[in-house]
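# Residue-level structure breakdown
One letter stands for each residue in the lines below.
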Amino acid sequence: MGSKHFPRQRRALMLAGLGAAAAATAATSVRIWPWTGAKPYPEGDPLPVDLSALPEGQLLTLSWQDKPVWVLRRSAADLATLPQHEGELTDAQSKESVQPAACCNAHRALKPEIFVAVGLCTHQGCTPYLNPGKGFICPCHGSRYDLAGRVFDEGPAPANLLIPAYRFASAQQLIIGELA
Ligand code: FES
């Protein structure tokens, strides 16, 4: 049975549980890039996400529109790293990167502590892994991203990680796929 036939929440739980395995196999899991849709950022197919049990520093990986979408609860220390390396980034202000307008800010997020992004490297679409407290590393060709998904200019990835449409239905419930 293919993944499209699993109930959405079950697929989300499966992907969350398989996060470590996905990182280990990322070098062989090249995916389609760029995103193809009517808008520059992906939207639609709303996916509710309960944040109440998500601790700081843990990366939740969901399956949405057949792609990995990350939710990371950033700590105050995580957020404090963001201004420290802006001179090393390709697009520190996210002017050339893809995100909803409401996320075009220093944290690339609606709320600073909650980071949401499509977990596909903007080079050739591999799945980066979390380097806790520092950012994300793509195992395919070494591109690095900070904890706001902004790409360091040392690697081949040309743009920041893509941010999908999302909104908060309540303080602890996120809806991926719908704008605020
Ligand atoms: Fe990520 Fe090449 S696919 S660096």
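Please read all numbers here as calculations on a predicted model, not as lab measurements.

## Observations concerning the overall build of the protein
- Tallying secondary structure elements over the protein gives three helices and nine strands in all.
- Looking at the protein residue by residue over its 180 residues, the buried ones come to 45%.
- When contacts within the protein are restricted to residue pairs at least 6 apart in sequence, long-range pairs at least 24 apart make up 61% of them.
- Total accessible area on the protein stands at roughly 8,600 Å², and carbon and sulfur atoms take up 55% of it.

## Looking at the pairing of strand β2 (residues 59-64)
- Across the six residues that make up β2, a large majority, five, are buried.
- Sheet topology places β2 next to strand β3 (residues 67-73); six bridges connect them, and they run antiparallel. Within the sheet, the bridge partner assigned to S63 lies in β3 and is P68.
- Taken together, β2 and the strand that follows it, β3, pair antiparallel across an intervening segment of two residues, in which Q65 is found at a positive phi of about 50 degrees.

## With respect to empty space enclosed by the protein
- Applying the stated criterion to the full structure yields one cavity of 30 Å³ or more.
- Computed from the structure, the largest cavity encloses a volume of approximately 30 Å³.
- Lining the largest cavity are C121, H123, Q124, G125, C126, C138, C140, H141, G142 and S143.
- Residue composition of the lining of the largest cavity, by class: four nonpolar, six polar and no charged.

## Quick word on the confidence of the model for the protein
- Per-residue confidence for the protein averages 83 on the pLDDT scale, and 78% of its residues sit at or above 70.
- Across residues 1-33, confidence stays below pLDDT 50; counting only partners more than four residues off in sequence or on other chains, it has 46 contacts.

## Remarks on the state of the cysteines
- Counted under the stated rule, the structure contains one disulfide.
- Free of any disulfide, C103 has its nearest neighbouring cysteine sulfur in C104, separated by 8.9 Å.
- We classify C103 as buried; its relative accessible area is 1%.

## Remarks on the environment of T61
- One can find T61 in strand β2.
- Separated by 56 residues in the primary sequence, T61 and A117 place their C-alpha atoms 9.8 Å from one another.

## A short note on the pairing of strand β4 (residues 114-118)
- Among the five residues of β4, five are classified as buried, and the element is accordingly described as predominantly covered.
- Neither face of β4 is exposed, since I114, V116 and V118 on one face and F115 and A117 on the opposite face are all buried.
- As paired elements, β3 and β4 share five bridges and run antiparallel to each other. Bridge pairing links L72 to F115 in β4.

Reading the values: the criteria
Residues numbered from 1 in each chain as written. Predicted model: local features only at pLDDT ≥ 70, side-chain atom pairs only at ≥ 80, totals over all residues. Heavy atoms only, no water. Helix = DSSP H or I, 4+ residues; strand = E, 2+ residues; numbered from the N terminus. Buried < 20%, exposed > 50% of the residue type's maximum accessible area, 1.4 Å probe, protein only. Contact = heavy atoms within 4.5 Å. Areas by Shrake-Rupley, 256 points an atom, 1.4 Å probe, with all protein chains shown as cover. Pairing = 2+ DSSP bridges. 1 Å grid on protein atoms, 1.4 Å probe; cavity = no way out; pocket = protein on both sides within 12 Å on 5 of 7 lines; lining within 4 Å. Points joined across faces, edges and corners; volume = space filled by probe spheres on them. Nonpolar A, V, L, I, M, F, W, Y, C, P; charged D, E, K, R; others polar. pLDDT = per-residue confidence, 0-100. Disulfide = S-S within 2.5 Å.

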